[in-house]
Amino acid sequence: MVLCRCENNAWFQKDVPIFDFKDESVVIVIGSGAGGGTLAHELTRRGIKVVLLEAGKRQSLETFSQVPGEAFTQLTWLDARTQSGTWGVARDFPTLPVWHCKTVGGTTVHWTASCPRLQAWELHAKTTYGGMAGSSLIDWPISHEELEKYYVIAERRMGVTRRNDMPGLPASNNFKVMYAGAKKVGYKQVHTGHLAINSRSYDGRGFCIQQGLCVQGCKIGAKWSTLYTEIPDAEGTGNLDLRTESTATRIEHGPNGRVTGVIYRDNRGQEQRQKARIVCVAGNALETARLLLLSDSPRFPQGLANSSGQVGRNYCHQITGFVWGIFDKPVYSWRGATLAGVIEDEAIHDPRRGFAGGYRMELVTLDLPTLPLVGLPYGWGRDFSSIMENYRNLAGMFINGEDIPRADNRITLDEKVKDRFGLPVAHVHVDEHPNDLAMRRHAQGQMSKIYEAIGAKRVVIGPIPPATHNVGTARMSADPRDGVTNGWGQTHDIANLFISDGSVLTTPGSANPTLTIVALALRQGEYIAQKMKAGSF
Amino acid sequence: MDKALPRREFLRATTGLLTGVVVAASPLALIVPQRAWAVEMTALTTAEAATLMAVARTIAPHDKLDDAAYAFVIKAVDEEATRDEHTRKITKEGLIGLGAGFSKNNEDDRVAALKKIEHSEFFQTMRLKTLQVLYASPVAYAYFGYEGEAFSKGGYVLRGFNDLRWLPDVPLEDSGPLPM
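All values reported here derive from a predicted model rather than from experimental measurement.

Draft legend 1. Summary view of the overall build of chain A. The helix and strand inventory of chain A stands at 12 helices and 19 strands. The globule rule puts the C-alpha radius of gyration for 537 residues at 24 Å, and the 22 Å found for chain A is close to it. Counting only C-alpha atoms, chain A reaches 70 × 55 × 45 Å along its principal axes. Every one of the 537 residues in chain A was classed for burial, and the buried ones make up 60%. Restricting the contact set of chain A to residue pairs at least 6 apart, pairs at least 24 apart contribute 75%.

Encoded structure:
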């Protein structure tokens, strides 16, 4: 029995099915985050049986820890990764190149819910920016008009603020600082953001009570997460078999080259083989690429769906970085929704700034224990502690900009480091493109001006934290030589193998990726259901 | 298995003691059950604990923050040194390297001594431990004014999330109404 949700958002206890390991009619979805959780709901509500494999445990509003370090351990994917390259993350966070979740609901449990849309020109990055040396840019294989149709559905589903009839969130102290500074330097598009956080009760969930700890798991469920929306909805259909603490280790194929099922380790560490008609991979850009590479075979010696050699390549993570303003009066930035504020004027393509692509400036803050570990540049002694002494008076912003795909920024298998099942872990390599560096410098300069315009005593440029917006490692492409999937997330090589997470984003653009991942999952679910009905696969 | 055994061993193995008194004017005096405190050490001696206290106070110097807050750091290092032989070794060797007079030196001299070993495993371990533990303690929450978890109190929506008055309010069209 699990707690399910039915169409009028009432909660009820219901038996959920356990599908047979040999049932070849099921669809396996690997990963239960923004992509996998949404896709599982879309398929099950159309009567399709889904086995959803999730490597992590199931938490709930009741079990979310509100102790920062404890919550981090409760939700984060902490299995080993290795890394190399010139990006600052390799130096500052050598053991944690990326920060995403390992729990039912995936990274939608700790996300800060920012939901901007990609703009039309961002889907034509190669055409717009021209041939850029040292890049592997291509254009998206789908049109912006097509994507917009699904953005509208996704925003309604998730209850995004300042869209449809969901009001914006009220202004917090931290946002008041950002707003006043931004207006002083002449920015026009400054508001509390498009967030998948209820500003009023919606979807059977309550409104935001400005707790602050968005990345610890939203105790009141005002923030959209597949954990308590799409997944219990899918369970309510009677077509979802969710298997937690189940880690996929290999996707199998038959003699005709079509996938036949998935080998995984179950919650007792035992190996299981689940048969399937279709397999959809949504394990976040690192694990999705790793699983395809781990599934190599005599027929696919470079890994599954990798005849192009593009699996794991073109890894993008967006340009990020903290900027802090210290004032002589209190801000209490920790009170309130973490990311409820944005400046959008720089989310444009204007080469006169010295770089291609755009960025957003987003509100941010960190709780006291996390600030010195993640938010401040390396340091100790008087200078370091003087920043901490000003914690009450600290205001914060975060850069979120487009980074440039490069063929050699990629995920590979690290044969020297093995996980607990003896399989090579993911290795991340990132060398920043000169465009990335120029954009970050520009953003840091503008954000400094914003705080200085309203009398900041000091501006502190923080480090680049472990990447959270991991995309591009199985990208969609019109030409099968340039990417891993077509415009539906269906792999070019194998018709019944789909990629259903941020890995498919052709380029990252300047928008936080979750809304786009959800929109593409909604569209993919519709496509798979139509094709199944027509007898494909 | 006899569950009492580790406790007995723990007591027998106690080698050092870190003690202090929270000053009456400190904000901590309001939250600690009694002002005198003592922390038992199992891996470190009293002298080693005192030197480590000076190391932590040099890495993250907050003059008005009571020793009681830093004692959490020393306790955490001691626990790790009890559990892990390698930590015990680098800690003891690192402290010997700093010398017995380290904690008596003035701050400039202490900074200079730590600068010289900044890239050592000992210093990097102590720096990380200090940052991880110092700012996560209830004592630090009180000192820095951090209010922490708010769900149990109804969030900050009625408790000051928008109480900043030294800048103009944001027009409604760029923000939104209060939910209630």
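Moving on from the model shown.
Draft legend 2. Spatial organisation of the overall build of chain B. Counting its secondary structure elements, chain B contains seven helices and two strands. Listing every helix and strand of chain B by position from the N terminus yields α-β-β-α-α-α-α-α-α. A burial count over chain B gives 33% of its 180 residues as buried. Across chain B, every contact between residues at least 6 apart in sequence was considered, and the portion connecting residues at least 24 apart equals 72%.

Draft legend 3. Geometry of the interface of chain A and chain B. Taken together, the 48 residues of chain A in the interface contact 38 residues of chain B. Mapped by element, the contributors of at least two residues to the side of chain A that touches chain B are α6 (173-184), β6 (190-191), α9 (371-375) and α10 (382-389) of chain A. Among the elements that make up the side of chain A that touches chain B, the one with the highest residue count is α6 of chain A (six residues). Of the residues contributing to the side of chain A that touches chain B, the split by class is 25 nonpolar, 15 polar and eight charged.

Draft legend 4. A look at the sheet that holds strand β9 (residues 259-265) of chain A. Residue and element names in this part refer to chain A. The three strands lie next to each other as β8-β9-β10, forming an open sheet whose pairing is antiparallel. If you trace the sheet from one side to the other, it starts and ends with β8 (247-253) and β10 (271-275), each paired once. Here the strands of the sheet are splayed against their neighbours by 25° on average, with no regard to which way each runs. Summarising the sheet, β8 and β9 pair through six bridges and their orientation is antiparallel. Bridge pairing links His253 to Val259 in β9.

Draft legend 5. Layout of the packing of helix α2 (residues 46-59) of chain B against helix α6 (residues 121-134) of chain B. All names here are of chain B. Relative to each other, α2 and α6 sit at 70°, their axes nearing to 10 Å. Between α2 and α6, the crossing angle belongs to the class labelled roughly perpendicular. Contact with α2, carried on its side by Val55, Ala56 and Ile59, involves Met126, Arg127 and Thr130 of α6 and no other residues of that element. Partitioning the contact of α2 with α6 into residue classes produces four nonpolar, one polar and one charged.

Draft legend 6. Molecular detail of helix α12 (residues 514-533) of chain A. Compared with the 28 Å implied by 1.5 Å per residue over 20 residues, the 29 Å span of α12 of chain A between its first and last C-alpha is a close match. Positive backbone phi, approximately 90°, marks Gly535 of chain A, located one or two places after α12 of chain A.

Draft legend 7. Geometry of the nonpolar core. Residue and element names in this part refer to chain A. By size, the foremost hydrophobic cluster in this structure holds 196 residues, and its most contacted members are Val27, Ile28, Val29, Val50, Leu195, Val279 and Cys280. Residue assignment places this core across two domains, with domain 1 (18-111 + 116-160 + 225-316 + 407-431 + 470-537) and domain 2 (164-218 + 320-401 + 432-466) each supplying three or more. For Val29, the contacting residues outside a window of four places in its chain are Gly36, Leu39, Ala40, Val50, Leu52, Cys280, Ala282 and Ser500.

Draft legend 8. Geometry of the sheet that holds strand β17 (residues 424-429) of chain A. All names here are of chain A. Spatially, three strands are ordered β5-β17-β16 in an open sheet, and the strand pairing comes out mixed. Taken across any chain shown, the strands that pair with only one partner, and hence form the sheet edges, are β5 (82-84) and β16 (410-418). Going from strand to strand, the sheet's axes swing by 35° on average, the running direction of each strand aside. One ladder, built from three bridges, connects β5 with β17; its direction is parallel. When the sheet's bridge partners are listed, Gln83 is paired in β17 with Val428. Its contacts with the sheet put helix α8 (residues 284-294) on β16 and β17, and the angle it makes with β16 is roughly 70°.

Draft legend 9. Spatial organisation of the pairing of β9 of chain A. What sits between β8 of chain A and β9 of chain A in their antiparallel hairpin is a turn of five residues, with Gly257 of chain A showing a positive phi close to 85°. Linking β9 of chain A to β10 of chain A, which pair antiparallel, is a turn of five residues; within it Gly269 of chain A sits at a positive phi near 85°.

Draft legend 10. Looking closely at the domain arrangement of chain A. Residue and element names in this part refer to chain A. The assigned domain composition of chain A is domain 1 (18-111 + 116-160 + 225-316 + 407-431 + 470-537) and domain 2 (164-218 + 320-401 + 432-466). If you average the C-alpha positions of domain 1 and of domain 2, the two centres end up 28 Å apart. With four residues, helix α2 (residues 68-75) is the single largest residue contributor to the side of domain 1 that touches domain 2. Counted by class, the side of domain 1 that touches domain 2 contains 19 nonpolar, 14 polar and four charged residues.

Draft legend 11. Representation of the packing of α6 of chain A against helix α11 (residues 434-453) of chain A in the model. All names here are of chain A. As a packed pair, α6 and α11 sit with axes 8 Å apart at the nearest point and diverge in direction by 100°. One finds that α6 runs roughly perpendicular with respect to α11. Here Gly181, Ala182 and Lys184 of α6 lie close against α11, whose contacting residues are Ile450, Tyr451 and Ala453. Residue classes in the contact of α6 with α11 are distributed as four nonpolar, one polar and one charged.

Draft legend 12. Representation of helix α3 (residues 67-83) of chain B in the model. If you check α3 of chain B, its first and last C-alpha atoms are 24 Å apart, about what 17 residues at 1.5 Å a residue would give, namely 24 Å. Listed as buried for α3 of chain B are Ala68, Ala69, Tyr70, Ala71, Val73, Ile74, Val77, Asp78 and Ala81 of chain B.

Draft legend 13. Inspection of the environment of Arg353 of chain A at higher detail. Residues and elements named next belong to chain A. Relative to the elements of secondary structure, Arg353 occurs in the loop between β13 (342-343) and β14 (359-363). For Arg353, a count of 17 C-beta atoms within 10 Å puts it in the partly exposed group. Sequence spacing of Arg353 and His442 is 89 residues, and the spatial spacing of their C-alpha atoms is 7.7 Å.

Parameters at a glance
Every chain is numbered independently, its residues counted from 1 as its sequence is written. Note on labels: chains are lettered from A, ligands numbered from 1, in written order. A pLDDT threshold of at least 70 governs which residues receive local features in this predicted model, and a stricter bar of 80 or more applies before side-chain atom pairs are shown or counted, although totals over entire chains, interfaces and linings include all residues. Per the convention used, a helix needs a DSSP run of H or I reaching at least four residues, while a strand needs a run of E reaching at least two, with both numbered from the N terminus. Restricting the calculation to C-alpha atoms gives the radius of gyration, and the globule rule supplies 2.2 Å times the number of residues raised to the power 0.38. Note on burial: count the other C-beta atoms lying within 10 Å of the residue's C-beta; 20 or more is buried, 12 or fewer is exposed, in between is partly exposed, and C-beta positions come from the backbone. Any residue pair is listed as a contact if its two C-beta atoms, each placed from the backbone, are within 7 Å. Side-chain classes follow a simple rule in which Ala, Val, Leu, Ile, Met, Phe, Trp, Tyr, Cys and Pro form the nonpolar group, Asp, Glu, Lys and Arg form the charged group, and the remainder, Gly included, forms the polar group. By this definition, two strands are paired if DSSP reports at least two bridges between them. Only the stretch in contact is used when a helix axis is fitted, and all axes are lines through C-alpha atoms; the angle between N-to-C directions ranges over 0 to 180 degrees. Throughout, the term roughly parallel applies to angles under 35 degrees, roughly antiparallel to angles over 145, roughly perpendicular to angles from 65 to 115, and oblique to all others. In this analysis, the expected span of each helix is defined as 1.5 Å times one less than the number of residues it contains. As used here, a nonpolar core is made of buried Ala, Val, Leu, Ile, Met, Phe, Trp, Tyr and Cys residues. They are joined through C-beta atoms within 7 Å. All the domain ranges listed were derived from an automatic or database domain assignment.

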